[in-house]
Structure formats: C-alpha cells, structure tokens
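Residues per chain, in single letters:
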Amino acid sequence: MQMANTVKKQDSTVEQQSTSLLVHVGHRIVVAIDGPAGAGKGTLATRLAEELGLAFLDTGALYRVVATLMIDSNGNPERAEDIDFCIKAALKYITPELLSRPELRREDVAAMASKVAAVPEVRAALLDFQRHFAKNPPEGYKGVVLDGRDIGTVVCPDADIKIFVTADAETRAKRRYEEVMARNGKADYEAILADMKERDLRDSTRAVAPTKPAEDAIIVDTSSWGIEETFKNTLQKIRDNMATKSKEKAA
Ligand code: DC
C-alpha cells in the first residue's frame, strides 16, 4: 500500500465517481487484475484499491516468496521435496510485511518465481491463501483487489470486476529497464527484453492456470498511456462495463 499512499488524489471528481461505482455492488467487492509483467497492473491495482477503499494483494509476491526460499535453500524447483519444503515455509511465514520486502523484486527471484509458478503443487497451495484473502478482507475494507495472472480465470472467477492489463513487450521492457536503472544505476535493455519474453512464454503456455484474459475481462492496453491516463481510462471502462451489465440485467 506504500506506493498507493504516495499517489496523490488529484481530482475530487474522479474520487466521487470511483466511490459511486461501488453503490451498484451491494456486497463485498472483488476486483481481479491480471496481465503480464511490466504492463502497469501493480500501479493500477494499488491506485484502484486506494480510491475504492479496498484491500490489496499482490499475488505475484506470494510466488516470489516461494522463489526466494528456493534460492536461499539452494533448492531445485524440479525436485518434489524442495517444492514441498518451500511451500510449507512460505505458508508459515507469509505476512503483509514479508510481501513488501524489496528483495522480492530482484531479477533472479523473478526468474525463479516464474519457474515455481509453473508447478501445480505451488499453485494449489497458494490458491487457498488467495481465496481466503478475497473472502475475508482485513477489517475496515469493503472488499479486495487482487493482482496476478489467473485471478479472473481461476482464483476469483466470480469477481465483480475483471481487468486484463497489457502492453507490448518492448514498452514493458523499457519500463522495467528504467526501474532497474533508477535502482542500480545500470541495466541491460536487451537482456531485460529477452528475459521478459522468456517469462511471458512460460507464464502463458504453462499447463496450469496460464496467463490469459478471462472471457469477461475489460482489456486495458497501457502501451501509450502513463499512470494517470491508465487510471482514468480504466475507471471509465469500469463504469461503461457496469452500465452495460446493469442494462443486461434489467432487460
Ligand atoms: O507479477 P510478478 O512478476 O510479481 O509475478 C512473479 C511470477 O509469478 C510471474 O512469473 C508470474 C507468476 N504469477 C502467477 O503465475 N500467478 C499469479 N497469480 C501471480 C504471479
């Protein structure tokens, strides 16, 4: 939520409009945000969560915790005992603080996360954790925003709002390059692009819960939008989508 807190509420009209979005949903709200790495879904998800008064779960961080445990224990993601050890340790130690640790953002952790995320036992173990969070938002929240790859398709197929955020690979690699440059003072664009394409391929072609938009997802292509434009355009798309749904219900 740290990032969300730094994003200033710039426009009270947007705030009013976004709050009124929830009026039509009479129950706890679930917003599913999926998409590939670097599309801007994390920033959009935290911003929407803040505006709508919803709790936020970055589900990629769960896979990154398992990956960190695998790296730190010199494990092999293809060995069943190592997978079992990392799942048990992850479920024991996951806390909101752990999920926001900067070490989780390392490139080696991202690469390992993509490998452990393809293991069905890892997905099954984390599925329960994610569904529990979606059904039981922390106190004081009206619902949740989950961001990941399979939230709208597998974790919360009944989500009230499903968004699939995407952008072309070059734009996503450029954004990641700038992020790494700002953090480390050096970065290799070609290596980042190649790595991103490799991860996209593994994440979208794996047998279990591949990254893909749900049939009823709102598609948001951020290739030519900045943070603010993405946020405002997404709110508009959500409003249009909800208006269409309520017309369909009334018909
Ligand atoms: O969004 P991220 O880069 O932090 O995700 C890390 C890895 O975890 C990425 O390879 C995709 C995978 N992941 C997944 O398979 N399902 C999710 N719900 C979230 C992330």
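This text follows the structure it describes.
An account of the accompanying structure is given in this report. Here the structure is a predicted model, which is why all the values come from computation and not from measurement. Along each chain, residue indices are assigned from 1 in the same order as the chain's sequence is written. For a predicted model such as this one, the threshold for reporting local features is a pLDDT of at least 70, and the threshold for listing and counting side-chain atom pairs is 80 or more; totals across whole chains, interfaces and linings nevertheless cover every residue. Hydrogen atoms and water are omitted, and side-chain values are computed over all heavy atoms in the structure.

**Digging into the site of the ligand**
No. 1: Neighbouring the ligand are 15 residues, the closest being Arg64, Arg123, Arg149, Asp150 and Arg206.
No. 2: The term polar contact refers here to a pair of N or O atoms within 3.5 Å; inside protein, the definition further demands a hydrogen-donor-capable atom paired with an acceptor-capable atom, and it admits residues adjacent in sequence only when both atoms are side-chain atoms. A distance of 2.8 Å separates an oxygen atom of the ligand from a polar side-chain atom of Arg123.
No. 3: Per-residue and other accessible areas were derived by the Shrake-Rupley procedure at a 1.4 Å probe size, with only the shown protein chains allowed to occlude residues. Burial of the ligand by the protein amounts to 97% of the accessible area it has alone, namely 450 Å².
No. 4: The set of elements that each furnish at least two residues to the shell around the ligand consists of helix H4 (59–72) and helix H7 (107–116).
No. 5: Considering every element that reaches the shell around the ligand, the biggest residue donor is H4, with four residues.
No. 6: Considering only residue class, the shell around the ligand consists of three nonpolar, four polar and eight charged. Note on terminology: near, applied to a residue and a molecule or strand, indicates that one of the residue's heavy atoms is within 4 Å of it. Helix and strand definitions here come from DSSP, where helices need a minimum of 4 consecutive H or I residues and strands a minimum of 2 consecutive E residues; each element is numbered from the N-terminal end. Residue polarity follows a fixed list, in which Ala, Val, Leu, Ile, Met, Phe, Trp, Tyr, Cys and Pro are nonpolar, Asp, Glu, Lys and Arg are charged, and the others, Gly among them, are polar.

**A short note on the sheet that holds strand S4 (residues 161–166)**
No. 1: A sheet is described by the order of its strands in space; here five strands give the open sequence S2-S3-S1-S4-S5, paired in parallel fashion. Since the sheet does not close on itself, it has two edges, and those belong to strand S2 (55–58) and strand S5 (218–221), each with one partner. Adjacent strand axes in the sheet meet at a mean angle of 20 degrees when their direction is disregarded.
No. 2: Strand direction decides the pairing type here: strand S1 (residues 29–34) and strand S3 (residues 143–148), joined by six bridges, are parallel. The partner of Val30 across the bridge, within S3, is Val144.
No. 3: In this fold H4 packs onto S2 and S3, with an angle of close to 40 degrees to the strand it touches most, S2. Pairing between strands is defined by DSSP: at least two bridges between the two strands are required. Axis definition: a line fitted to C-alpha atoms, over the contacting stretch in the case of helices. Angles run 0 to 180 degrees between N-to-C directions. Whether two residues touch is decided by their heavy atoms; if any such pair falls within 4.5 Å, the residues are in contact.

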